[in-house]
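Coordinate analysis (summary)
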Amino acid sequence: MLHYSLRRLALLLPLLLVVSFAIFTVIRLAPGDAAFAYLRLSNIPPTPEALTEARRVLGLDQPLLVQYWSWLSQAIQGDFGTSFATRRPVLQDILHFMPATLQLAGVALIFTLVVSVPLGIWSARYKDRWPDQAVRGLAFLGVSTPNFWLGFLLILTFGVWLKWLPPFGTGTFAHMIMPVAAISFMSLSINARLLRSSLLENTHARHVAWARMRGLSDRQVERRHILRNAIMPIVTATGMHLGELIGGTLVVESIFAWPGVGRYAVSAIGNKDFPVIQCFTLMMVVVFVLCNLIVDILSAALNPQLRLGEGGEA
Amino acid sequence: MTDKTLSSPIRDHGHHGSTWRRLPLVLALTVVVVLLSAALFAPWIAPQDPNLVSLADRLKGPSAAHWLGTDHLGRDILSRLIYGTRMSLGSVILCIALILAIAIPLGGAAGFIGGRLDQGLMRLCDGMMTFPTVVLALFLIGALGTGLVNVIIAIAISHFPFYARMVRSVVMNLRSKDYVLAARVCGAGRTRLFIDHFLPSIAAQMVVLASLDVGHMMLHVSGLSFLGLGVETPTAEWGVMISDARQFVFSQPMLIVLPGLCLLFSVMAANILGDALRDRLDPNNQTGHHH
């Protein structure tokens, strides 16, 4: 297990190198010179001399590989350049905003799992009866609702009308409830659907029929033979939802005045603040890839087949 | 779904009969027809110019002149909602067209030719899938610049790997089939083979995949416009309308509720149609989502 985890972790390094090179190249090839953006954000008129000077300062006059190499050697030391707009080190800014985003996304992930698993089980247990219909209706609503709009509806209902929750801001647990609900509605709906269908698939599996033949009670069959097998798809799906959750967090943050990295990144994108865009994307990919690694390790731990296969290979 | 119902009546025990089950589909089709006609005939249906500013009429409630009231610049909300359908539907259609234009040639070539090209393309897809789609789209917009066209390009690029992979796997599956071999023996060239024998299967898979994605893409486009990265602000688009109305969330909640409802209903209709199409067309999904 440890061996497997370490090997997967080691494989991430070349992947991140390739991704960072791709990000770097796309940014450099992007229409609209970085030197222009640099001058615009520094309020310097883009005369030919100023452009040449900016290109020299930014190292844009050098070959792509040379540029990448100097970026990489600085990035390894934690220097991702300075923002064109704020003139502050990019990494410092992003690390300042990132924890709030990760906190929100993390709580949204936990909420997704805590709510979707019982819903999925309930729905499968009462297949085609009213609890199932209700859960399916809710899930259908969930995959169709714009998360940013849901944020406003929640503010209007619970913040303004009922006055149960603070409409925006940060600080207490109560501040998190509405953003988390807005972010996770979509992923918990997808999860509940998925769990339902994988539970129902397992109901017809041969090992379940065998368990019933041996005279196990319905509850025992459900817990020991159906649920345990249905957990795998949920773990896999959670890996896929992470991207959705992170993306949702970036959008929903701004509605609730949550001090996360979303607003910072959006303004950088609008400004063509390339160092920020580059570092932000890379950080997001790192977070996503690490989460997926955890998911993979978890599923290896849960799936004896995979575990044995890995052990045999190693 | 109908023929399945006929062949296995037992499965339908306890249901309210087929009319009730088909009701969502009928509603969804109605919504789609309404949206399409609103988009096509917006200039004739809309009671007013969606961009006509009239500060004297700002933030008015519903009246005979403005059925749904006016926004903070006195623009007619109903007209803006009607014109908004053009943005949402148009951008999603363009997105899908672009995705297919990239995915079918690339995935087809990978499946047909195989070897280095195939490996290269699959590595590219793997690489792109390490990004969360929203982050990839945000990054591409950062590189390309803001605006609706770039949003469409960004969404298309961030979604195409899934489609290219599907095309590739369909082609690979079919390549070894007897009837394809027979066509080859008869002297059919690659182009002929592709159009006659591969394209129909690919098309079915693409329709399923795309129709399940349409709603999601709509949400993407308006989400990005809401953030101020997509459609520019004077243009009538649902995400932009919600974003414009933010400062009046407490005094004029309807300005936010209405465009959101339009978006919600469109996405719902798209999802219902997507599920129905999948049930009909996807050979791998015989059971649909009711087991």
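Keep in mind that this is a model prediction, so the values were computed, not measured. (Residues numbered from 1 in each chain as written. Chains lettered and ligands numbered in written order. Predicted model: local features only at pLDDT ≥ 70, side-chain atom pairs only at ≥ 80, totals over all residues. Heavy atoms only, no water.)

Residues and elements named next belong to chain A. On the surface, Leu-2, Leu-6, Leu-9 and Leu-290 cluster together into a nonpolar patch covering about 390 Å² of accessible area. The dominant element in the nonpolar patch, judged by the number of residues it contributes, is helix H1 (residues 2–29), at 3 residues. A residue is classified by how much of its surface remains accessible, and Leu-290, at 38% relative accessible area, is partly exposed. (Patch = residues over 30% accessible without salt bridge, like charges linked within 9 Å, V, L, I, M, F, W, Y side chains within 5 Å. Areas by Shrake-Rupley, 256 points an atom, 1.4 Å probe, with all protein chains shown as cover. Salt bridge = Lys/Arg side-chain N within 4 Å of Asp/Glu carboxyl O. Helix = DSSP H or I, 4+ residues; strand = E, 2+ residues; numbered from the N terminus. Buried < 20%, exposed > 50% of the residue type's maximum accessible area, 1.4 Å probe, protein only.)

Right, let's talk about the UniProt feature "transmembrane region" (unreviewed entry) in chain A for a bit. Residues and elements named next belong to chain A. The UniProt feature table records "transmembrane region" (unreviewed entry) at residues 100–122, 134–161, 173–192 and 279–302. Structurally, residues 100–122 comprises 100% helix and 0% strand, and the distance from its first C-alpha atom to its last is 33 Å. Across residues 173–192, helical content stands at 100% and strand content at 0%; the span's end C-alpha atoms are separated by 25 Å. (UniProt positions renumbered as here; feature names shortened; annotations may be inferred.)

Let us look at the side chain of Glu253(A). All names here are of chain A. For Glu-253, the location among the structural elements is in helix H10 (residues 218–255). A polar atom in the side chain of Glu-253 sits 2.8 Å from the backbone nitrogen of Gly-262. Apart from the residues within four sequence positions on either side, Glu-253 is in contact with Thr-101, Leu-104, Trp-258, Gly-260, Val-261, Gly-262 and Arg-263. (Polar contact = N/O pair within 3.5 Å; in protein donor to acceptor, adjacent residues only side chain to side chain. Contact = heavy atoms within 4.5 Å.)

This brings us to the UniProt feature "domain: ABC transmembrane type-1" (unreviewed entry) in chain A. The positions UniProt marks with the feature "domain: ABC transmembrane type-1" (unreviewed entry) are residues 98–295 of chain A. Each end of residues 98–295 of chain A is marked by a C-alpha atom, and these two atoms are 21 Å apart; helix forms 85% of the span and strand 0%.

With that settled, the discussion passes to the interface of chain B and chain A. Every contact between the two is made by 40 residues of chain B and, on the other side, 48 residues of chain A. In this assembly, chain B packs against chain A so that about 3900 Å² is buried in total across both faces, 77% of it on carbon and sulfur atoms. Between chain B and chain A we count 0 salt bridges in total. The interface formed by chain B and chain A contains 6 residue pairs in polar contact (both at pLDDT 80 or more). Taken together, the elements giving at least two residues each to the side of chain B that touches chain A come down to helix H6 (133–144), helix H9 (190–226) and helix H11 (254–281) of chain B. Counting residues per element, the side of chain B that touches chain A draws most heavily on H11(B), which supplies 11 residues. (Buried area = accessible area lost by both parts, 1.4 Å probe.)

End to end, helix H5 (residues 90–125) of chain A covers 51 Å across 36 residues, agreeing with the expected 52 Å (1.5 Å per residue, within 8%). Along H5(A), the largest kink reaches about 35° and is centred on Met98(A); proline Pro99(A) follows within four residues of it. (Expected span 1.5 Å × (residues − 1). Bend = angle between axes of the 7 residues up to and from the residue.)

This part is about the environment of Asp71(B). With respect to the element layout, Asp71(B) can be found in the loop between helix H3 (42–45) and helix H4 (77–113). From its side chain, Asp71(B) meets the backbone nitrogen of Arg75(B) in a polar contact 2.8 Å long.

Before going further, it helps to spend a moment on the UniProt feature "transmembrane region" (unreviewed entry) in chain B. Cross-referencing UniProt, the feature "transmembrane region" (unreviewed entry) maps to residues 25–46, 89–113, 134–159 and 249–273 of chain B in the present numbering. Helix makes up 91% of residues 25–46 of chain B and strand 0%. Its end C-alpha atoms lie 27 Å apart.

Sizing a probe to match a water molecule and rolling it over the atoms shows the empty space that remains. Tallying each qualifying case throughout the model produces 3 cavities of 30 Å³ or more. If you add up the space inside the largest cavity, you get close to 290 Å³. Residue lining of the largest cavity: 22 residues in total, with Asn147(A), Glu244(A), Gly248(A), Leu219(B) and His220(B) positioned closest to the centre. Where the lining of the largest cavity is concerned, the elements lending two or more residues are helix H7 (147–161), helix H8 (173–203) and H10 of chain A together with H9 of chain B. Tallied by class, the residues present in the lining of the largest cavity amount to 12 nonpolar, 9 polar and 1 charged. The space that makes up the second largest cavity amounts to roughly 70 Å³. The wall of the second largest cavity is formed by Asp71(B), His72(B), Arg75(B), Ile77(B), Arg80(B), Met241(B), Asp244(B), Ala245(B), Leu255(B) and Pro259(B). Every element with two or more residues in the lining of the second largest cavity is listed here: H4, helix H10 (238–244) and H11 of chain B. (1 Å grid on protein atoms, 1.4 Å probe; cavity = no way out; pocket = protein on both sides within 12 Å on 5 of 7 lines; lining within 4 Å. Points joined across faces, edges and corners; volume = space filled by probe spheres on them. Nonpolar A, V, L, I, M, F, W, Y, C, P; charged D, E, K, R; others polar.)

Moving on to the UniProt feature "domain: ABC transmembrane type-1" (unreviewed entry) in chain B. Annotation from UniProt places "domain: ABC transmembrane type-1" (unreviewed entry) at residues 85–274 of chain B. Within the segment residues 85–274 of chain B, helix and strand shares are 83% and 0% respectively, and the terminal C-alpha atoms sit 19 Å apart.

Turning next to the pattern of salt bridges. In the structure shown here, the tally under the stated rule is 17 salt bridges over all chains. Two residues, Asp218(A) and Arg212(A), come together in a salt bridge whose shortest N-O distance is 3.3 Å. With a relative accessible area of 37%, Arg212(A) lands in the partly exposed category. For Arg123(B), the salt bridge identified is with Asp126(B), shortest N-O distance 3.1 Å.

Another aspect to go through is the layout of surface pockets. All names here are of chain A. Roughly 550 Å³ of internal volume is contained in the second largest pocket. Lining the second largest pocket we find 23 residues, and of these Arg-28, Val-57, Leu-58, Gln-74 and Gly-81 sit closest to its centre. Breaking the lining of the second largest pocket down by element, the ones donating at least two residues are H1, helix H2 (34–41), helix H3 (48–58), helix H4 (64–76) and helix H12 (274–302). It is H4 that contributes the most residues to the lining of the second largest pocket, 4 residues altogether. Within the lining of the second largest pocket, the residues separate by chemical class into 11 nonpolar, 9 polar and 3 charged.

Attention now moves to H9(B). All names here are of chain B. The end-to-end C-alpha separation of H9 is 46 Å, well short of the 54 Å expected for 37 residues at 1.5 Å each. Of all the bends found along H9, the most pronounced is centred on Phe-198 and spans about 50°, while Pro-200, a proline, follows it within four residues. Phi turns positive one or two residues past the end of H9, at Gly-228, with a value near 90°.

Here we come to the side chain of Thr281(A). Structurally, Thr281(A) is set in helix H12. A distance of 2.6 Å separates a polar atom in the side chain of Thr281(A) from the backbone oxygen of Ile277(A). When neighbours within four sequence positions are excluded, Thr281(A) is seen to be in contact with Ile23(A), Phe131(B), Val135(B) and Phe139(B).

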